[in-house]
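# Observations on chain architecture
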Amino acid sequence: MRTITESARQIPVVSETEVLVAGGGPAGIGAALGAARAGAKTLLVEQSNAPGGMATTGLMSHWSGSRESPLMNEIVERMAKSPSLPQEIQALTEADLKWSISHECQKAVLFQMLKESGVTVQLYTMVTDALTENKRVSGVITESKSGREAIRAQVTIDATGDGDVAARAGAEYLLGREEDHRCQPVTLMFRIGGVDYSQAVFPGSFESYMNIPKGEIQALGKQHLPHPAGHVLLYRSRLPGEVCVNMTNVTDIDGTDVRQLTKAEFICREQIDAIIQFLREFVPGYRKCYLVAVAGNVGVRETRHFKGVYTITAEDIVEATVFPDWIATRNYFNFDIHSLVGPGLDKHGAQKEFKARGMYTIPYRACLPEKIDGLLLSGRNISGTHKAHSNYRVMGICTSIGHGVGIAAALAVKHQIQPRAVDPAEIQKQLLACGVQV
Ligand SMILES: Cc1cc2nc3c(=O)[nH]c(=O)nc-3n(C[C@H](O)[C@H](O)[C@H](O)COP(=O)(O)OP(=O)(O)OC[C@H]3O[C@@H](n4cnc5c(N)ncnc54)[C@H](O)[C@@H]3O)c2cc1C
């Protein structure tokens, strides 16, 4: 590839903060609230126009994975009290009702929580590089309407999902699964309206087989939807007649490559029309459905897995390991590995067949890049195998990880030490005081 040399230039240092959180998705929200509530001067930098990441801008249907976390419960309970929700909630089960996301109300609640906790938020800003001195991150470079700027920070938390800061800082990582670096497929979420809830069906997993008048629903999807789409995943929402659709599917996309992301966006947009036609023709209750909203970005399930001081394995999850340096507890989910070649579940995935001894914890060491200082990982980019990641990548668990990592960053600032020198017992003391249980 041809290259050019950019000329050196001076850029303004626009902020100096104690804790900088790059990315405002579930992991970044948890981290920013954790750090600010623990007393650190905290700045959250987010590329889009709202906090929440996949939970809001990504139009995700529901929060999974860490349903006993006090912070998660605060996030969803406050959303449920939003004055902007419809006054009559349609037929939702007790569990759906609590964890189902009303995207705009959820954004509003996250804005409120960040403001109340004293987090400074900077939106519309892409973190493009890490400031590094001798393998130590001391802040980031950003690009925005205001141009290229620098922000200095005592501790930087990478909650970008893809680990953009850690990658630019030179932290070691593996892309996708170990043997061939292929990543899970990507999906552009969307919401439809005009669904008749009195008739509608809601298959919620790949193994939700249902006989509907024209045949079995998953088989019909595979037969009639454009490959590699083909599974039928539909989720109730709080909005009358609206349903969240998780059915577009594009395989072999590297979510850290902008041209591949663009290609995926085009393919998903074409699939949406076909999916709506399919739902109208085959699925009870959807005869009059129409498109309401499409996510602000393609949902990327998997990209970089960084090399941490510890790497979480599938066995740790199955064995329900309680690590001595736990920072996120009571996590439970399945091995949600989507097929890498078409619709449905990969042969290594386990949804209904998933078995574990109980709930597991996340160790602090998995959030510490092995060789880079000044930096913590939060969310789906922490250190874990492809299979383990398919479990802890869900939003509830990412939020809980963020909570612990944010507190750790605040402690590093308080004691003026590197994150790797923070005593996990001190993080745990603060988490327990917040109501976290082991
Ligand atoms: C299609 C799909 C369906 C899923 N279904 C579910 C489900 O039902 N329930 C569930 O709990 N989980 C689900 N997940 C998993 C979950 O959504 C993600 O794994 C989770 O959101 C990861 O959280 P995160 O905070 O690490 O990353 P993200 O949610 O991706 O948040 C990253 C944030 O960082 C911002 N950002 C990224 N790069 C930069 C940068 N360089 N500079 C500034 N900002 C940046 C992004 O805009 C975003 O706000 C699903 C994922 C996908 C893709």
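Parameters at a glance
- Residues numbered from 1 in each chain as written.
- Predicted model: local features only at pLDDT ≥ 70, side-chain atom pairs only at ≥ 80, totals over all residues.
- Heavy atoms only, no water.
- Helix = DSSP H or I, 4+ residues; strand = E, 2+ residues; numbered from the N terminus.
- Contact = heavy atoms within 4.5 Å.
- Near = heavy atom within 4 Å.
- Polar contact = N/O pair within 3.5 Å; in protein donor to acceptor, adjacent residues only side chain to side chain.
- Areas by Shrake-Rupley, 256 points an atom, 1.4 Å probe, with all protein chains shown as cover.
- Nonpolar A, V, L, I, M, F, W, Y, C, P; charged D, E, K, R; others polar.
- Domains from an automatic or database assignment.
- Buried < 20%, exposed > 50% of the residue type's maximum accessible area, 1.4 Å probe, protein only.
- 1 Å grid on protein atoms, 1.4 Å probe; cavity = no way out; pocket = protein on both sides within 12 Å on 5 of 7 lines; lining within 4 Å.
- Points joined across faces, edges and corners; volume = space filled by probe spheres on them.
- Pairing = 2+ DSSP bridges.
- Axes fitted to C-alpha atoms, helices over the stretch in contact; angles between N-to-C directions.
- Right-handed = clockwise from strand over helix to strand, strands pointing away.
- Buried area = accessible area lost by both parts, 1.4 Å probe.
- Phe/Tyr/Trp six-rings, centres within 6.5 Å; stacked < 30°, edge-to-face > 60°.
- Lys NZ or Arg CZ within 6 Å of the ring centre and 35° of its normal.

## Focus on the environment of Ala 171
Position of Ala 171 among the secondary structure elements: in the loop between α5 (164-168) and β7 (173-175). Residues Ala 171 and Gly 53, spaced 118 residues apart in sequence, show a C-alpha to C-alpha distance of 23 Å. Look past the residues within four positions of Ala 171 in its chain and what remains in contact with it is Ala 166, Phe 306, Pro 369 and Ile 372.

## Overview of the site of the ligand
Around the ligand sit 32 residues in total, of which Glu 46, His 62, Val 127, Arg 393 and Met 395 are the nearest. In this structure, Ala 27 approaches the ligand through a main-chain N or O atom, which is 2.9 Å from an oxygen atom. Expressed as a share of its isolated accessible area of 990 Å², the protein-covered part of the ligand is 93%. Residue assignment for the shell around the ligand shows that the elements contributing at least two residues are α1 (26-37), β4 (126-133), β15 (299-300) and α10 (395-415). Each residue belonging to the shell around the ligand can be placed in one class, and the counts come to 12 nonpolar, 15 polar and five charged. When residues of the shell around the ligand are sorted by domain, at least three fall in each of domain 1 (13-179 + 303-433) and domain 2 (186-300).

## Let's talk about the side chain of Gln 218
Structurally, Gln 218 can be placed in helix α6 (residues 217-224). For Gln 218, a relative accessible area of 1% gives the class buried.

## Quick word on empty space enclosed by the protein
Counting across every chain of the model gives one cavity of 30 Å³ or more. Taken as a whole, the largest cavity holds about 90 Å³ of empty space. For the lining of the largest cavity, the secondary structure elements donating two or more residues are β17 (326-331) and α10. Examining the composition of the lining of the largest cavity, we find that four residues originate from one element, β17, more than from any other. Split by residue class, the lining of the largest cavity holds five nonpolar, six polar and two charged.

## Here's the deal with the sheet that holds strand β14 (residues 290-294)
If you walk across this open sheet you meet the four strands as β12-β13-β9-β14, and the pairing is antiparallel. At either margin of the open sheet sits one strand with a lone partner, and together these are β12 (234-236) and β14. For this sheet the average axis-to-axis angle between neighbouring strands, irrespective of direction, equals 35°. Examined bridge by bridge, strand β9 (residues 190-193) and strand β13 (residues 243-245) share three bridges and lie antiparallel to one another. Bridged to Phe 190 within β13 is Val 245. Seen against the sheet, helix α7 (residues 258-282) touches β9, β12, β13 and β14 and runs at an angle of roughly 145° to β14.

## Describing the pairing of strand β1 (residues 13-22)
Inspection of the sheet shows β1 paired to strand β6 (residues 147-158) by eight bridges, in the parallel sense. Directly across from Val 19, in β6, lies its bridge partner Val 155. Relative to strand β2 (residues 42-45), β1 is paired through four bridges, and the arrangement is parallel. The residue of β2 that forms the bridge with Ala 22 is Val 45. Of the crossover connections in this fold, the one passing from β1 over α1 to the parallel β2 is right-handed.

## Structural notes on the domain arrangement of the protein
As assigned here, the protein comprises domain 1 (13-179 + 303-433) and domain 2 (186-300). Distance between the C-alpha centres of domain 1 and domain 2: 27 Å. Listed as interface residues are 37 residues of domain 1 and, on the opposing side, 35 residues of domain 2. Interface area for domain 1 against domain 2, summed over the two sides, is near 2,900 Å², with a carbon-plus-sulfur share of 59%. Linking domain 1 with domain 2 are nine residue pairs in polar contact (both at pLDDT 80 or more). When residues of the side of domain 1 that touches domain 2 are traced back to their parent elements, those giving at least two are α2 (70-80) and α3 (94-99).

## Side note on unusual backbone geometry
With an omega of 5°, the peptide bond between His 227 and Pro 228 qualifies as cis. By the element assignment, Pro 228 lies in the loop between α6 and β12. If you check the backbone angles, Leu 59 has positive phi at about 55° while not being a glycine. Along the chain, the position of Leu 59 falls in the loop between β2 and α2. The residue Asn 134 is not glycine, and still its phi comes out positive at about 50°. For Asn 134, the position within the fold is in the loop between β4 and β5 (136-144). The exposure class of Asn 134 is exposed, given its relative accessible area of 78%.

## Things to note about the packing of aromatic side chains
Between two aromatic rings, the relevant description is the distance of the centres plus the angle of the planes. Enumeration according to the criterion identifies six aromatic pairs in this entry. Between the aromatic rings of Tyr 310 and Phe 323, the centroid separation amounts to 5.2 Å while the plane-to-plane angle is 65°, which identifies the pairing as edge-to-face. Highlighted residues: Tyr 310 in the loop between β16 (304-306) and α8 (314-318) and Phe 323 in the loop between α8 and β17, separated in sequence by 13 residues. With 5.7 Å between their ring centres and 70° between their planes, Tyr 332 and Phe 354 make a pair best called edge-to-face. Of this pair, Tyr 332 sits in the loop between β17 and β18 (360-363) while Phe 354 sits in the loop between β17 and β18, and the two are 22 residues apart along the sequence. Through a chain of ring-to-ring contacts, three or more aromatic side chains come together here, namely Tyr 332, Phe 335 and Phe 354. For Lys 214, the ring lying beneath its charged end belongs to Phe 282, and the centroid distance is 5.4 Å. Its end group placed over the ring of Tyr 173, Arg 304 keeps NZ or CZ at 5.1 Å from the ring centre.

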